2 protein chains.
Amino acid sequence: MRSTKTNVPLYQQLAETLKQLMASGNIGAKEPMPAERELAITYQVSRDTVRKAIRLLEEQGLLYSDHGRGTFAAPESVRQMSRFLDSFTDDTIKRGGVPGQTILSMETVVANMAIASLLHMQPDEPLLRIKRVRLMNNKPIGLQESFLRLPEGAQLTQKELEQVGSLYRILIDKFGIKPSESLESVGAVAAQAEDVALLGVTLGAPLLLCERVMLSDRREPVEYCEMKYVPPYRYKTRISKGSAG
Amino acid sequence: MRSTKTNVPLYQQLAETLKQLMASGNIGAKEPMPAERELAITYQVSRDTVRKAIRLLEEQGLLYSDHGRGTFAAPESVRQMSRFLDSFTDDTIKRGGVPGQTILSMETVVANMAIASLLHMQPDEPLLRIKRVRLMNNKPIGLQESFLRLPEGAQLTQKELEQVGSLYRILIDKFGIKPSESLESVGAVAAQAEDVALLGVTLGAPLLLCERVMLSDRREPVEYCEMKYVPPYRYKTRISKGSAG
DNA sequence: AAGTGGTCTAGACCACCAC
DNA sequence: TGGTGGTCTAGACCACTTT
């Protein structure tokens, strides 16, 4: 099991191995995995490492464990649902679509009181506002308005965003901002004139409104984002019971 | 730290203790907790147990840890967002409201093909259908239609549901069904005639549609549920980055 | 009774961050 | 450099489920 030169933790390597074990077709939905102690012997690691690998796959919705019964492969319906942060780009790919975007505008603005409060900043500090139409398979499915609080003197051009595609990738790779947690609030709203023009819906049509505040690893609010989605689009999630209660 | 007679795991007891430590006002948002090794000595437990307690509070959004820096109290905005299964009853209380319901109908029906497929059952098996108007502070905020697959010969009366209030409580306490995971899909729809009558909205008004399939601990689908919420209501959630990737 | 996952320990070393 | 969280080990015992 132990690989010589990589820095990837053992339990993550083992998790990959277990994925392969499942994918090899040997273990179908709701069928049992080998016992923890057995896996520990097989792969020459401690039982604790096995448990960490299993917990990782549980979080990903691939396995579930029942006290006294065993550890089992999750049903297909569960596997597709993520519980983690996904950029629009990654999420669209996961849904089997081709992501795209049209950048409508990108400009530095000053925060109004509401947004300043959400992002914990002074009302006159500069913000980067990006307005985009999100595409899936070349059809518009959402209108997105992002307000970004970038580091002092940070520069971001429209060309750059168009090339990379994912704003989150730029935040990570260029600015060293690590998205760690986001707080989301989802509701329904009626389409306004602007939405009609850009999304091709009728006035007053129901849209899915998704608001989000993204926090960095330091728990500083970095982005406030508002998305309006056209009906065929759905917000999907998996919710678990939680360890205690 | 060790308590003598209870069966509650040590790390859960410690988690409660840590909550109190934070609540005692000594540790504000983004302020550091004592180091893991220090907590281990203070409470006379192993470091591993301390780490389990911290992880539990991380999942609840109360703490976060940064490699090499320390463990910190989460900001207030994060603490309020749950990531776990909540009944309408519990969720409403958490939002600071008084939950209520009007049961419109409760009857045994046979599944149509769509629902039979979702619940993995034959199209002619019996199902319990419950239609309810959900109230918050005595005002209607949602219309809910539930399809339940109950154990052979299970009985559930309307009076019982009215008394207990929470369907999930009945599933757990009376039928021994443990909700473990649910798959949710959220979108926007226009209000139909029925919604107009029951929720007091105008025809075509935007509503938040939330579909859910609830799985038991054995990963058997137990409930399919459709909820339509009036606009002020919002679906709130917290999403984290995930351990690996 | 046998087998499973869940908890707990004590100690070691690694990776990361701040000073 | 010293402190922090992250990984890993080997072994013990407990709690739950099934036979």
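Rules and cut-offs
- Residues numbered from 1 in each chain as written.
- Chains lettered and ligands numbered in written order.
- Predicted model: local features only at pLDDT ≥ 70, side-chain atom pairs only at ≥ 80, totals over all residues.
- Helix = DSSP H or I, 4+ residues; strand = E, 2+ residues; numbered from the N terminus.
- Buried ≥ 20, exposed ≤ 12 C-beta atoms within 10 Å, placed from the backbone.
- Contact = placed C-beta atoms within 7 Å.
- Near = placed C-beta within 6 Å.
- Nonpolar A, V, L, I, M, F, W, Y, C, P; charged D, E, K, R; others polar.
- Domains from an automatic or database assignment.
- Pairing = 2+ DSSP bridges.
- Axes fitted to C-alpha atoms, helices over the stretch in contact; angles between N-to-C directions.
- Least-squares fit on C-alpha atoms with pLDDT ≥ 70 in both.
- Expected span 1.5 Å × (residues − 1).
- Arc of directions from axis to C-beta.
- Parallel < 35°, antiparallel > 145°, perpendicular 65-115°, else oblique.
- Left-handed = near helix turned anticlockwise from the far one by under 90°.

- In the annotation of an unreviewed UniProt entry, the entry for chain A reads UTRA domain-containing protein, and the organism field reads Duganella alba.

### Comments concerning the overall build of chain A
Here's step 1: Secondary structure summary: chain A contains nine helices and nine strands in total.
Here's step 2: Across its three principal axes, chain A shows a C-alpha extent of roughly 60 × 40 × 40 Å.
Here's step 3: Within the span of chain A, comprising 245 residues, buried residues form 31% of the whole.
Here's step 4: For chain A, the proportion of contacts with a sequence separation of at least 24, taken over those separated by at least 6, is 55%.

### Considering the protein's contact with DNA strand D
Here's step 1: What surrounds DNA strand D is a group of 19 residues, the closest being Leu10, Ser46, Asp48, Thr49 and Gly68 of chain A.
Here's step 2: Every element with two or more residues in the surface near DNA strand D is listed here: helix H1 (10–26) and helix H3 (47–59) of chain A together with helix H2 (36–42) and strand S2 (70–73) of chain B.
Here's step 3: Its residues placed into classes, the surface near DNA strand D shows five nonpolar, ten polar and four charged.

### Concerning the domain arrangement of chain A
Here's step 1: Here the domain parsing of chain A yields domain 1 (10–79) and domain 2 (88–229).
Here's step 2: Summarising the inter-unit geometry, the C-alpha centres of domain 1 of chain A and domain 2 of chain A are found 36 Å apart.

### Some details on the sheet that holds strand S9 (residues 235–240) of chain A
Here's step 1: Pairing within the open sheet is antiparallel, and its seven strands lie in the order S9(A)-S6(B)-S7(B)-S8(B)-S5(B)-S4(B)-S3(B). Of all the strands in the sheet, just S9 of chain A together with strand S3 (99–110) of chain B have a single pairing partner and so form its edges. The average undirected angle you get between the axes of adjacent strands in this sheet is 20°.
Here's step 2: Here seven bridges tie strand S5 (residues 139–148) of chain B to strand S8 (residues 221–229) of chain B, and the two strands are oriented antiparallel to one another. Bridged to Gln144 of chain B within S8 of chain B is Met227 of chain B.

### Regarding the interface of chain B and chain A
Accessible area lost during the coming together of the parts is what is often quoted as the interface size.
Here's step 1: Every contact between the two is made by 43 residues of chain B and, on the other side, 43 residues of chain A.
Here's step 2: Of all elements in the fold, only helix H3 (47–59), strand S1 (63–66), helix H4 (76–79), strand S6 (179–190), strand S7 (206–216) and strand S9 (235–240) of chain B reach the threshold of two or more residues within the side of chain B that touches chain A.
Here's step 3: Top element by residues in the side of chain B that touches chain A is S6 of chain B. It accounts for twelve residues.
Here's step 4: Each residue belonging to the side of chain B that touches chain A can be placed in one class, and the counts come to 21 nonpolar, eleven polar and eleven charged.
Here's step 5: Pairing between strand S6 (residues 179–190) of chain A and S9 of chain B: six bridges, direction antiparallel. Directly across from Val186 of chain A, in S9 of chain B, lies its bridge partner Tyr235 of chain B.

### Thoughts on the relation of the copies chain B and chain A
Here's step 1: Relative to chain A, chain B is turned by 180° and slid 0.0 Å along the rotation axis, the superposed coordinates differing by an RMSD of 0.0 Å. Read as a symmetry element, the transformation amounts to a two-fold axis. When C-alpha distances to the rotation axis are compared across chain B, the minimum falls at Pro206 of chain B, with a value of 2.3 Å.
Here's step 2: Interface residue correspondence from chain B to chain A reaches 100%, placing this contact among same-surface, isologous pairings.

### Description of the protein's contact with DNA strand C
Here's step 1: Neighbouring DNA strand C are 19 residues; Leu10, Ser46, Asp48, Thr49 and Gly68 of chain B lie closest to it.
Here's step 2: Put simply, the parts of the chain that give the surface near DNA strand C at least two residues each are helix H2 (36–42) and strand S2 (70–73) of chain A together with helix H1 (10–26) and H3 of chain B.

### Concerning the environment of Lys159 of chain A
Here's step 1: Topologically, Lys159 of chain A is positioned in helix H7 (residues 158–164).
Here's step 2: For the pair Lys159 of chain A and Ile103 of chain A, spaced 56 residues apart in the sequence, the C-alpha separation amounts to 9.8 Å.

### Some remarks on H1 of chain A
Residue and element names in this part refer to chain A.
Here's step 1: With 17 residues, H1 should cover 24 Å at 1.5 Å per step; its first-to-last C-alpha distance of 23 Å lies within 8% of that length.
Here's step 2: Taken as a whole, H1 has its buried residues at Tyr11, Leu14, Ala15, Leu18 and Met22. End-on, the buried residues of H1 take up no more than an arc of 110°, which puts them together on one face. Away from the buried face of H1 by more than 90 degrees, exposed residues Gln20, Ala23, Ser24 and Gly25 are located.
Here's step 3: For H1, the elements touching its buried residues are H3 and S2.

### Remarks on the packing of H1 of chain B against H3 of chain B
All names here are of chain B.
Here's step 1: Relative orientation of the contacting elements H1 and H3 amounts to 60°, with a least axis distance of 8 Å. With respect to H3, the element H1 is oriented oblique. In this structure, H1 meets H3 at a crossing whose hand is right-handed. Touching Leu10, Tyr11, Gln12, Leu14, Ala15 and Leu18 of H1 are Thr49, Val50, Lys52, Ala53, Leu56 and Leu57, all from H3.

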